[in-house]
Amino acid sequence: QSESPESPPVVVFDTPRTAGDEVLKTISANGEATVLTCLTTDLVKEGVRRHKTAPAVAAALGRVVTGTMLMGVFRGDGDECQVSIEGKGPVGSLTAISTHDGKVRARVINPFLYDAKSVPEVVGNTGVVRVVRSNPLAKAPYTGVTPIQTGEIGEDLTHYLLTSEQQRCAMGLGVALEVGKSAEDIVASAGGFLVQVLPFAGEETIKALEENIADLGSVTERLADGMRPGEMAAALMKGDVLSGGEDEQLAQFSLEPSYGPCETETLKPRMEKMIRALGRKEADAIVEEVGSIEVRCDFCMKTLEFTKSDVEVLFHD
């Protein structure tokens, strides 16, 4: 008697979270589009807390952090995406780095612009968007540069993806602030979406997405109303063309984004490399003058101290 064939493996999709930060990947029923939706309130709060930013800079930082996370998440192991908004505005530049698993850290040159009232005023509407994608298996990182379009950041990143990476897509970013509160509490909500259309997508799919994006309206307002990533994905995927009908279960994958990595065990090797780059003579001179070497990470705003004995170990052959 022949044995019955084994049952195919069951694919278990993630269920959207009901609380806390989340980035959710949803694939349309026809396989022609992918939607990333996210809530990044705690993530942005942590970045603003570390950099102690003024309100308009907090909004700009939140958009860059969220947009970079959307561009870098759910990719190959070890992939990193670095986005630099190098505008002509007073903030100088805003840079964020995202890993494939939703960890993001950011750097801001001038966080204390308390007179600025809007993100374009902080960023400027001229300059460049510079994106570096790296993978441990690649011979060299991929770098793309495009002009800043508006300084609103979401539109600038969409233009980059369309022109430099030839991705048919749309991005929406939102950060709601409670002005008057401290840097630790000023961010009321943050998040956004990235809609990506595959090259073989039909006109029905594109039209449905365009209508759904228009119906969604302001991302900032939807987030302030309490919309979760699962609800935003449902709004962007509504209609039989994208959802497949009421009985269809769309493939969804969920991650919890976080600020970092900023752990000492992660930062210390990078900082040790910087001290070695100084050379033994200069490192010894600094220790002789001030007693130790302090190195600060401009992304995590964390400082580590290296004593004379630490420096001696670094240069021990």
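Residues numbered from 1 in each chain as written. Predicted model: local features only at pLDDT ≥ 70, side-chain atom pairs only at ≥ 80, totals over all residues. Heavy atoms only, no water.

(A) Local environment of the packing of helix α5 (residues 203-216) against helix α7 (residues 229-236). Look at α5 against α7: their axes get within 8 Å of each other, and the N-to-C directions meet at 130 degrees. Looking at the two axes, α5 sits oblique to α7. Contacts from Leu209, Asn212, Ile213 and Leu216 in α5 reach Met232, Ala235 and Leu236 in α7. In terms of residue class, the contact of α5 with α7 is made up of six nonpolar, one polar and no charged. (Axes fitted to C-alpha atoms, helices over the stretch in contact; angles between N-to-C directions. Helix = DSSP H or I, 4+ residues; strand = E, 2+ residues; numbered from the N terminus. Parallel < 35°, antiparallel > 145°, perpendicular 65-115°, else oblique. Contact = heavy atoms within 4.5 Å. Nonpolar A, V, L, I, M, F, W, Y, C, P; charged D, E, K, R; others polar.)

(B) Region of the structure containing the packing of aromatic side chains. The final tally for this structure, using the stated rule, is zero aromatic pairs. Seen from the ring of Phe299, Arg105 lies directly overhead, with NZ or CZ sitting 5.9 Å from the centre. (Phe/Tyr/Trp six-rings, centres within 6.5 Å; stacked < 30°, edge-to-face > 60°. Lys NZ or Arg CZ within 6 Å of the ring centre and 35° of its normal.)

(C) Structural detail: the environment of Arg17. Structurally, Arg17 is set in the segment before β1 (22-27). Separated by 238 residues in sequence, Arg17 and Leu255 place their C-alpha atoms 9.2 Å apart. Other than its neighbours up to four places away in sequence, Arg17 contacts Glu22, Arg228, Ser254, Leu255 and Glu256. Among the polar contacts listed, one links the side chain of Arg17 to the side chain of Ser254, at a separation of 3.0 Å. (Polar contact = N/O pair within 3.5 Å; in protein donor to acceptor, adjacent residues only side chain to side chain.)

(D) Representation of the pattern of salt bridges within the structure. Tallying each qualifying case throughout the model produces 15 salt bridges. We note a salt bridge from Glu256 to Arg17, for which the minimum N-O separation is 3.7 Å. Here Arg17 lies in the segment before β1 and Glu256 lies in the loop between β10 (251-255) and β11 (258-259), a separation of 239 residues in the sequence. Judged by relative accessible area, Arg17 falls into the partly exposed class, the value being 32%. Residue Asp284 is joined to Arg280 by a salt bridge in which the shortest nitrogen-to-oxygen separation is 2.9 Å. You can see Asp284 and its partner Arg280 sitting in helix α10 (residues 280-290), four residues apart, about one turn around the helix. You can call Asp284 partly exposed: its relative accessible area is 32%. Connected through shared salt-bridge partners, Glu46, Arg49 and Arg50 make up one network. (Salt bridge = Lys/Arg side-chain N within 4 Å of Asp/Glu carboxyl O. Buried < 20%, exposed > 50% of the residue type's maximum accessible area, 1.4 Å probe, protein only.)

(E) The state of the cysteines, seen in detail. Within this structure, the stated rule accounts for one disulfide. Covalently, Cys262 is tied to Cys300 through a disulfide, its sulfur atoms 2.1 Å apart. Looking down the S-S bond of the Cys262 and Cys300 bridge, the torsion is -85 degrees, so its handedness is left-handed. With a gap of 38 residues between them, Cys262 in the loop between β11 and α9 (264-278) and Cys300 in the loop between β12 (292-297) and β13 (302-307) connect regions that are remote in the sequence. For the residue pair Cys262 and Cys300, the accessibility class agrees, reading buried in each case. In this model Cys81 remains outside any disulfide bridge; the closest cysteine sulfur is found in Cys169, 12 Å from its own. Note on Cys81: relative accessible area 1%, which makes it buried. (Disulfide = S-S within 2.5 Å.)

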